[in-house]
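# A closer look at the structure
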Amino acid sequence: QQQVKQSPQSLIVQKGGISIINCAYENTAFDYFPWYQQFPGKGPALLIAIRPDVSEKKEGRFTISFNKSAKQFSLHIMDSQPGDSATYFCAAMGTGGGADGLTFGKGTHLIIQP
Amino acid sequence: EAQVTQNPRYLITVTGKKLTVTCSQNMNHEYMSWYRQDPGLGLRQIYYSMNVEVTDKGDVPEGYKVSRKEKRNFPLILESPSPNQTSLYFCASSLLSGAGGGYTFGSGTRLTVV
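The text that follows walks through the structure, step by step, so that each part is easy to find. (Residues numbered from 1 in each chain as written. Chains lettered and ligands numbered in written order. Predicted model: local features only at pLDDT ≥ 70, side-chain atom pairs only at ≥ 80, totals over all residues. Heavy atoms only, no water.)

All names here are of chain A. Residues Ser-19, Ile-21, Cys-23 and Tyr-25 of strand 3 (residues 19-25) are buried on one face, while the alternating residues Ile-20, Asn-22 and Ala-24, pointing to the opposite face, are not. By the bridge criterion, 4 bridges tie strand 1 (residues 4-7) to strand 3 in an arrangement that is antiparallel. Residue Gln-6 lies in a different strand from strand 3, and its bridge partner there is Cys-23. Pairing of strand 3 with strand 8 (residues 72-77), which is carried by 6 bridges, proceeds in the antiparallel orientation. Paired with Cys-23 across the two strands is Phe-73, which belongs to strand 8. (Buried < 20%, exposed > 50% of the residue type's maximum accessible area, 1.4 Å probe, protein only. Helix = DSSP H or I, 4+ residues; strand = E, 2+ residues; numbered from the N terminus. Pairing = 2+ DSSP bridges.)

It is worth spelling out the nonpolar core at this point. Among the nonpolar cores identified, the biggest contains 24 residues, and A:Phe33, A:Trp35, A:Phe73, A:Leu75 and A:Tyr88 are the most heavily contacted of them. Every element with two or more residues in this core is listed here: strand 2 (10-14), strand 3, strand 4 (33-38), strand 5 (45-50), strand 7 (62-67), strand 8, strand 9 (86-92) and strand 11 (108-113) of chain A. Looking at this core, the element that brings in the most residues is strand 9 of chain A, giving 4 residues. Beyond its immediate stretch of four places on either side in the chain, A:Tyr88 contacts A:Gln6, A:Ile21, A:Tyr36, A:Gln37, A:Leu47, A:Phe62, A:Leu75, A:Ile77, A:Gly107, A:Thr108 and A:Leu110. Ranked by size, the runner-up nonpolar core spans 19 residues in total, among them B:Leu19, B:Met32, B:Ile46 and B:Phe74. (Core = buried A, V, L, I, M, F, W, Y, C linked by side-chain atoms within 4.5 Å. Contact = heavy atoms within 4.5 Å.)

With that out of the way, let us pick up the interface of chain A and chain B. One frequently used descriptor of interface size is the decrease in accessible area upon assembly of the parts. Tallying the contact residues gives 21 residues for chain A and 21 residues for chain B. Both sides together, the interface formed by chain A and chain B hides about 1,600 Å², and carbon and sulfur atoms give 54% of it. Remark: the boundary between chain A and chain B carries 0 salt bridges. Here the side of chain A that touches chain B is composed, by residue class, of 9 nonpolar, 8 polar and 4 charged. (Buried area = accessible area lost by both parts, 1.4 Å probe. Salt bridge = Lys/Arg side-chain N within 4 Å of Asp/Glu carboxyl O. Nonpolar A, V, L, I, M, F, W, Y, C, P; charged D, E, K, R; others polar.)

What follows is about the sheet that holds strand 6 (residues 56-59) of chain A. Residues and elements named next belong to chain A. Here we have 5 strands laid out as an open sheet, ordered 1-3-8-7-6, and antiparallel in their pairing. Single-partner strands in this sheet number two, and they are strand 1 and strand 6. Sheet twist, expressed as the average angle between the axes of neighbouring strands with direction ignored, equals 15°. (Axes fitted to C-alpha atoms, helices over the stretch in contact; angles between N-to-C directions.)

On to the side chain of A:Asp84. All names here are of chain A. Summarising the element assignment, Asp-84 is placed in the loop between strand 8 and strand 9. Residue Asp-84 is classed as buried on the basis of its relative accessible area, which comes to 5%. Each residue touching Asp-84, except ones within four places of it in the same chain, is listed here: Gln-37, Arg-61, Phe-62, Ile-77, Asp-79, Leu-110 and Ile-112.

All names here are of chain B. Spatial strand order, 1-3-8-7: 4 strands in an open sheet with antiparallel pairing. Both edges of this open sheet fall to strand 1 (4-7) and strand 7 (65-66), since each of them pairs with a single strand only. Alignment of strand 7 against strand 8 (residues 76-78), held across 2 bridges, turns out to be antiparallel. Opposite Lys-65, over in strand 8, you have Ile-77 as the bridge partner.

Residue and element names in this part refer to chain B. Tallied over the entire structure, the rule returns 6 salt bridges over all chains. Taking the shortest distance from any N to any O, the salt bridge between Glu-30 and Lys-71 comes out at 4.0 Å. On the criterion of sequence distance, the pair formed by Glu-30 in the loop between strand 3 (19-25) and strand 4 (31-38) and Lys-71 in the loop between strand 7 and strand 8 is long-range, its members being 41 residues apart. In this structure Lys-71 comes out as partly exposed when scored by relative accessible area, which is 25%.

The analysis is restricted to geometry; functional conclusions fall outside its scope.
Now the structure itself:
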């Protein structure tokens, strides 16, 4: 059973446009939602993260929007640049003391066309 | 430099020949975990460890073993590799399992079993 569903699987955006990646989760015990960015040949790296007590978090050109009632969250990349081309993973976990780690979505391959 | 180091980066082996992928972190993290990454499936957790001598199964543990004799090291052992274990493997570490997703990933080990 997939606990975090991510879409789209791939995305092409023109330089300067807005990239939007969506995720939905099922487990209501999840209370931490990070996004990871992965470049070819590298491991995933933490990009930005949100907790459900806020509906939005912004760091530079990257924004997470969170809808607790719908159990959905999304990543918005404003003014997308060719250097943003990478694979993006959403993830979720519960931080209530359990031992479970991050549950990842299947990833979105983002290409920013110059 | 704070990092997670995996070795080897690339490995080609034959079915049934035991192998070990090493993972070492220099951040004094309690929590360590192994993931495998496959196209279209994202990152799936194999095993994790809360601390020395404390390990547990993740979502896809079949065919793998781990050990945690020292805090910094968390090797992944394939006793009898099979072709379906051909994958990209990542080791990750964190201060605590509930540290809010602040995982540091290694650069990955690409394993091919023929």
